[in-house]
Amino acid sequence: MDKILIIGASGQIGSELTLALRKVYGNENVFATDIKQAPADVVESGPFQILDALNDKALIHFVIRNKITQVYHLAAVLSGNAEKLPLQAWEINMKGLLNLLDLAKEVGLKKVFWPSSIAVFGRTTPRVNTPQLTVTEPNTVYGISKLAGERWCEYYFNRYGVDVRSIRYPGLISHKTEAGGGTTDYAVEIFYDAIKEKKYECFLKEDAALPMMFMDDAINCTIQLMEADASKISIRSSYNLGGISFDPKEIAAEIKKHIPEFEITYKPDFRQQIAESWPKSIEDTVARKDWGCEYVYDLPKMTKLMLEEIKKKLSK
Ligand code: SER
């Protein structure tokens, strides 16, 4: 039986992926770790431990002691926060990945997952239906770290046969754990403010379209990619994933259908520049062809569920 380690299990993706993987692999076989405490359902449903993945010795001990066969490495500093402390963000985003790739090679891990991002693209990239293979000249430290990470993943696969798999996630939207420090975070914050205040001040402009995806779709695609036969994986850097594309005025209009008095105002900050350097929409035929990723949630379906779930959460 596989034993899975999640690094970053308290974060936006990790807190949901841990529970989803526990359903597939059994609670006791999915080891959640983070440098901060995880949500109660993660801690209560299976093993959780505080672990700093930048500490290579602690990481290797953990992997050997628990006979880990697969690792999902989700810990990172997101785009907005990374611009505030570029060198620290670089250190955190790169060192964790390199520790893990080398460990995978040394102990012979069966599989590794590492998330990349639409942030690998930049101002010189075609912004509509951005293809899998295109210009990648990111301008943010987060994007530079993700692009370098993709190159390292492919290198470890080609040179050492490490079975590493990756997705360039669009902005991820969930009602469980907030992201924190990203450019796409507005599309989560907007729901909380719509319910609590009936208004939202957006840090992007009204027409700043970006690719986004509901978390359930992202989790399903991730598990699908990791379960695909290795022979089907033609991309060892990272797969484009399209999801849905919308701008702040479109999501605001969708929210207004449920909360008619809701008002949005715009006060763009430095993250507007970041948004302008990223694609508006993504083309993902390679992922569909290789391992058949599918999404269920469009903007109306996602909006309805987000509002219902956040209302429930806030009324507890
Ligand atoms: N959602 C991330 C961010 O905004 C992009 O990967 O930083």
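This text goes with the structure placed above it.
Residues numbered from 1 in each chain as written. Predicted model: local features only at pLDDT ≥ 70, side-chain atom pairs only at ≥ 80, totals over all residues. Heavy atoms only, no water.

### Section: the overall build of the protein
Then step 1. Helix and strand content of the protein: twelve helices and 14 strands.
Then step 2. Over its C-alpha trace the protein gives a radius of gyration of 19 Å, about what one expects of a compact globule, namely 20 Å for 316 residues.
Then step 3. Seen along its three principal axes, the alpha-carbon backbone of the protein occupies a region of about 55 × 45 × 40 Å.
Then step 4. When burial is assessed residue by residue, the protein has 56% of its 316 residues classed as buried. (Helix = DSSP H or I, 4+ residues; strand = E, 2+ residues; numbered from the N terminus. Rg over C-alpha atoms; globule rule 2.2 N^0.38 Å. Buried < 20%, exposed > 50% of the residue type's maximum accessible area, 1.4 Å probe, protein only.)

### Describing the sheet that holds strand β12 (residues 239-240)
Then step 1. Reading across from one edge, β6-β8-β12 is the order of the three strands in this open sheet, with parallel pairing throughout. The open sheet is flanked by β6 (116-117) and β12, the only strands paired with a single partner. (Pairing = 2+ DSSP bridges.)

### Looking at empty space enclosed by the protein
Unfilled space is identified by rolling a water-sized probe across the atoms.
Then step 1. Enumeration according to the criterion identifies one cavity of 30 Å³ or more in this entry.
Then step 2. Volume-wise, the largest cavity comes out at about 40 Å³.
Then step 3. Lining the largest cavity, in full, are His73, Leu74, Ala75, Ala76, Asn93, Trp114, Pro115 and Lys146.
Then step 4. Class assignment for the residues of the lining of the largest cavity results in five nonpolar, two polar and one charged. (1 Å grid on protein atoms, 1.4 Å probe; cavity = no way out; pocket = protein on both sides within 12 Å on 5 of 7 lines; lining within 4 Å. Points joined across faces, edges and corners; volume = space filled by probe spheres on them. Nonpolar A, V, L, I, M, F, W, Y, C, P; charged D, E, K, R; others polar.)

### Re helix α6 (residues 141-160)
Then step 1. Its 20 residues give α6 an end-to-end C-alpha distance of 27 Å, which sits within 8% of 28 Å, the value for a rise of 1.5 Å per residue.
Then step 2. Packing partners of the buried residues in α6 comprise α4 (79-84), α5 (86-107), β6, β7 (164-165) and β8 (167-169).
Then step 3. Looking one or two residues past α6, glycine 161 carries a phi angle of roughly 75°, positive in sign. (Expected span 1.5 Å × (residues − 1). Contact = heavy atoms within 4.5 Å.)

### Quick word on helix α1 (residues 14-25)
Then step 1. Here α1 is twelve residues long and its end C-alpha atoms lie 15 Å apart, about the 16 Å a rise of 1.5 Å per residue gives.
Then step 2. In terms of residue burial, α1 counts as a mostly covered element, since nine of its twelve residues are buried.
Then step 3. Taken together, the buried positions of α1 are occupied by Gly14, Ser15, Glu16, Leu17, Thr18, Ala20, Leu21, Arg22 and Tyr25.
Then step 4. The elements touched by buried residues of α1 are β1 (4-7), β2 (30-34), α2 (40-45), β4 (70-73) and α8 (215-227).

### Remarks on the packing of α5 against α6
Then step 1. The interhelical angle for the contact between α5 and α6, taken along N-to-C directions, is 15°, at an axis separation of 10 Å. Classified by the angle their axes make, α5 and α6 are roughly parallel. Both α5 and α6 take part in a crossing whose hand is right-handed. Across from Pro86, Ala89, Trp90, Asn93, Met94, Leu97, Leu98, Leu101, Asp102 and Lys105 in α5, the residues of α6 making contact are Val141, Tyr142, Ile144, Ser145, Ala148, Gly149, Trp152, Cys153, Tyr156 and Tyr160.
Then step 2. Of the residues assigned to the contact of α5 with α6, the class counts are 15 nonpolar, three polar and two charged. (Axes fitted to C-alpha atoms, helices over the stretch in contact; angles between N-to-C directions. Parallel < 35°, antiparallel > 145°, perpendicular 65-115°, else oblique. Left-handed = near helix turned anticlockwise from the far one by under 90°.)

### Some words on a nonpolar patch on the surface
Then step 1. Taken together, the side chains of Trp152, Tyr155 and Tyr160 present a nonpolar region at the surface, about 280 Å² in accessible area.
Then step 2. Topologically, tyrosine 160 is positioned in helix α6. (Patch = residues over 30% accessible without salt bridge, like charges linked within 9 Å, V, L, I, M, F, W, Y side chains within 5 Å. Areas by Shrake-Rupley, 256 points an atom, 1.4 Å probe, with all protein chains shown as cover. Salt bridge = Lys/Arg side-chain N within 4 Å of Asp/Glu carboxyl O.)

### A closer look at the site of the ligand
Then step 1. Every residue close to the ligand is listed here: Leu78, Ser79, Ser117, Tyr142, Gly182, Thr183, Thr184 and Trp278.
Then step 2. Within the contact set of the ligand, an oxygen atom lies 2.6 Å away from a side-chain nitrogen or oxygen of serine 79.
Then step 3. A distance of 2.6 Å is found between an oxygen atom of the ligand and a backbone nitrogen or oxygen belonging to threonine 183.
Then step 4. About the coverage of the ligand: the protein hides 93% of its 240 Å² of free accessible area.
Then step 5. Placement of the ligand is best described as lying within the largest pocket.
Then step 6. Taken together, the residues that form the shell around the ligand break down as three nonpolar, five polar and no charged. (Near = heavy atom within 4 Å. Polar contact = N/O pair within 3.5 Å; in protein donor to acceptor, adjacent residues only side chain to side chain. Sits in = over half its atoms within 2 Å of the grid points.)

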